[in-house]
Amino acid sequence: MVAKVSTVAFQGIEAVPVDVQVQISSGIVAFTIVGLPDKAVAESRERVRSALTAAGLSLPAKRITVNLAPADLPKEGSHYDLPIALGLLAAMGVLPGDILNRYCVLGELSLDGTVTSVAGTLPAAMAANAAGLGLICPQTGGGEAAWAAQDLDILAAGNLVQIVNHIKGTQVLTRPEARMAEDPGDLPDLVDVKGQELAKRAIEVAAAGGHHMLMVGPPGAGKSMLASRLPSILPPMDAGEMLDVSMIASVAGELSGGRLSRRRPFRAPHHSASQAALVGGGLRARPGEMALAHNGVLFLDELPEFQGRVLESLRQPMESGQTVIARANHHVTYPARFQLVAAMNPCRCGMAGEPGFACRRGPRCASDYQAKLSGPLLDRLDIQIELPALKATDLTLPAPSETSADVAARVARARQTQHMRYRQADAQNVRTNAQADGKLLDRFARPDEAGLSLLRDAADALNLSARGYHRILRVARTIADLDDAEQMTRIHVGEALSYRQRPFGIQSAA
Ligand SMILES: Nc1ncnc2c1ncn2[C@@H]1O[C@H](COP(=O)(O)OP(=O)(O)OP(=O)(O)O)[C@@H](O)[C@H]1O
Ligand SMILES: [Mg+2]
């Protein structure tokens, strides 16, 4: 007899159905797993054997064959332990196969029979729900699985014996509750930043429209400080956005305690990060920092210090909103609509352009340093601003009265306006001005006569690319939205243009 248990394989955030087929037949005593298992799956034999022993059961001295179908799909990860163990129990006649067939199963086993947490419980729960199945998962994953649907039958078990007892009806497992992460509520506040009014305004515009941003300034001007305050002014995610973000975090194994959060991701990888760390890849094609920053912020501090290849790998996802990981026989795609915020010094010594400072290496200090950034990358950064060094007198000023909460309220209102506008226009997946394409901009971002003539003159003078032209329109639209203005005027276009001046005359390699 062949026992069957449903489970899943992950391809990005998609959970592909996989059947675990277990056959116990007479013949030479053996335990084999076939169906393209990776090392972790092949080793599952030992964990399953020990977990069954711990539960007081032993494997029959027969030939055991486990097939993971479809046979041509690579199976990676440790979540096949539990479906294999339950399939064996069904094949041994310990559990009724017809009840097991109503569930999709995933979980790792430890030697003592404990079911330990695995990555990807949330996407697996979504897939199970779509297929009309229930879910058997580790206890720690119950909180996230419960988000998939209110009526999804979930068995979140701490160990193998609990599952056996539940199915046999001797001990009932209660359905887990959908869990939210508690808001720690102590984000750094904008009120701590003294002076730098222009930069504060720019960061508000960037937050409101989801625009990519570059800050350039000498050491200690407050670039990292400002960027770390961005999360405090970004509006919380709605339920749909939260699920998208949590699916990626779940596949990466980063949903701590199976709790979901409405706070937008803020990822700040160190500049020594590799290309795989940003794009994703490696074992199980894990999502990289770009995908983990989906719907949130990717902050790259000390931008020119990143490897050139890493920086160039940002270009395509910034346009398409997704990262693609090429594997030997297939591609894995993750959504990656992030807002890039970057900070850098104008040169190696950091003091270029400072009044009264003469660099010994002259203009080459700046040009060599800035040449690490390519033209196309700089072209994608809608808002580029200069942060001058603060004077001691600025620091002794009283703290500004405007807090992050004040700015956050304006940002939330502007985002709401954009969301409504693009929803009424039936624009799928467009929520912010930064995501609007040329067609939407033609419709919603037309400046008045005076604004148009300013834009035309500036496009000639600044030698704007077509992309640069659209980016100015997007930023101007956001500024008008912050102003609650339906019509974009010369003032809005003017401010948007001011964010396009290359700070410190930044020149790229291209
Ligand atoms: N505008 C400011 N208001 C109050 N404190 C500030 C301001 N700017 C800088 N500081 C102080 O200086 C410290 C260093 O600032 P920050 O790390 O943001 O500098 P930076 O511009 O990122 O420098 P670097 O180029 O060296 O990375 C902050 O932690 C803060 O204490
Ligand atoms: Mg810094």
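Details of the structure are given in the entry above.
Residues numbered from 1 in each chain as written. Chains lettered and ligands numbered in written order. Predicted model: local features only at pLDDT ≥ 70, side-chain atom pairs only at ≥ 80, totals over all residues. Heavy atoms only, no water.

**Re the sheet that holds strand E10 (residues 213–216)**
So, step 1. Pairing is parallel across the open sheet formed by 5 strands, whose spatial order is E11-E14-E17-E10-E18. Every other strand in the sheet has two partners, leaving strand E11 (266–267) and strand E18 (383–386) as the edge strands with one partner each. (Pairing = 2+ DSSP bridges. Helix = DSSP H or I, 4+ residues; strand = E, 2+ residues; numbered from the N terminus.)

**Regarding the site of ligand 1**
So, step 1. Taken together, 16 residues surround ligand 1, and among them Lys-194, Lys-223, Ser-224, Met-225 and Asn-345 come closest.
So, step 2. A distance of 2.7 Å separates an oxygen atom of ligand 1 from a polar side-chain atom of Ser-224.
So, step 3. Within the side chain of Glu-302, one N or O atom sits 3.0 Å away from an oxygen atom of ligand 1.
So, step 4. Relative to its unbound accessible area of 630 Å², ligand 1 is 67% covered by the protein chains.
So, step 5. Among the elements that line the shell around ligand 1, the one with the most residues is helix H9 (residues 223–227), at 3 residues.
So, step 6. The residue makeup of the shell around ligand 1, split by class, is 7 nonpolar, 5 polar and 4 charged. (Near = heavy atom within 4 Å. Polar contact = N/O pair within 3.5 Å; in protein donor to acceptor, adjacent residues only side chain to side chain. Areas by Shrake-Rupley, 256 points an atom, 1.4 Å probe, with all protein chains shown as cover. Nonpolar A, V, L, I, M, F, W, Y, C, P; charged D, E, K, R; others polar.)

**A word on the packing of aromatic side chains**
So, step 1. Enumeration according to the criterion identifies 2 aromatic pairs in this entry.
So, step 2. Ring geometry for Tyr-422 and Phe-444: centres 5.9 Å apart, planes at 85°, overall edge-to-face. With Tyr-422 in helix H18 (residues 404–424) and Phe-444 in helix H19 (residues 438–444), the pair connects residues that are 22 residues apart, well separated along the chain.
So, step 3. Under the relative-accessibility criterion, Tyr-422 is labelled buried at 1%.
So, step 4. Between the NZ or CZ atom of Arg-421 and the centre of the ring of Tyr-422, over which it lies, the distance is 5.5 Å. (Phe/Tyr/Trp six-rings, centres within 6.5 Å; stacked < 30°, edge-to-face > 60°. Buried < 20%, exposed > 50% of the residue type's maximum accessible area, 1.4 Å probe, protein only. Lys NZ or Arg CZ within 6 Å of the ring centre and 35° of its normal.)

**Side note on the environment of Ala-436**
So, step 1. The topology assignment puts Ala-436 in the loop between H18 and H19.
So, step 2. Given the relative accessible area of 1%, Ala-436 is considered buried.
So, step 3. C-alpha separation for the pair Ala-436 and Met-242, spaced 194 residues apart in sequence, amounts to 21 Å.
So, step 4. The residues contacting Ala-436, other than those within four sequence positions of it, are Tyr-422, Val-430, Leu-441 and Arg-474. (Contact = heavy atoms within 4.5 Å.)

**A word on the pattern of salt bridges**
So, step 1. Inspection of every chain in the model, using the stated rule, returns 25 salt bridges.
So, step 2. One salt bridge connects Lys-39 with Glu-43, and the closest N-O pair in it is separated by 3.9 Å.
So, step 3. Lys-39 gets classed as exposed once you look at its relative accessible area, which sits at 63%.
So, step 4. Here Arg-47 ties to Asp-81 by a salt bridge, and the two come within 2.5 Å at their closest N and O atoms. (Salt bridge = Lys/Arg side-chain N within 4 Å of Asp/Glu carboxyl O.)

By themselves these figures say nothing about function.
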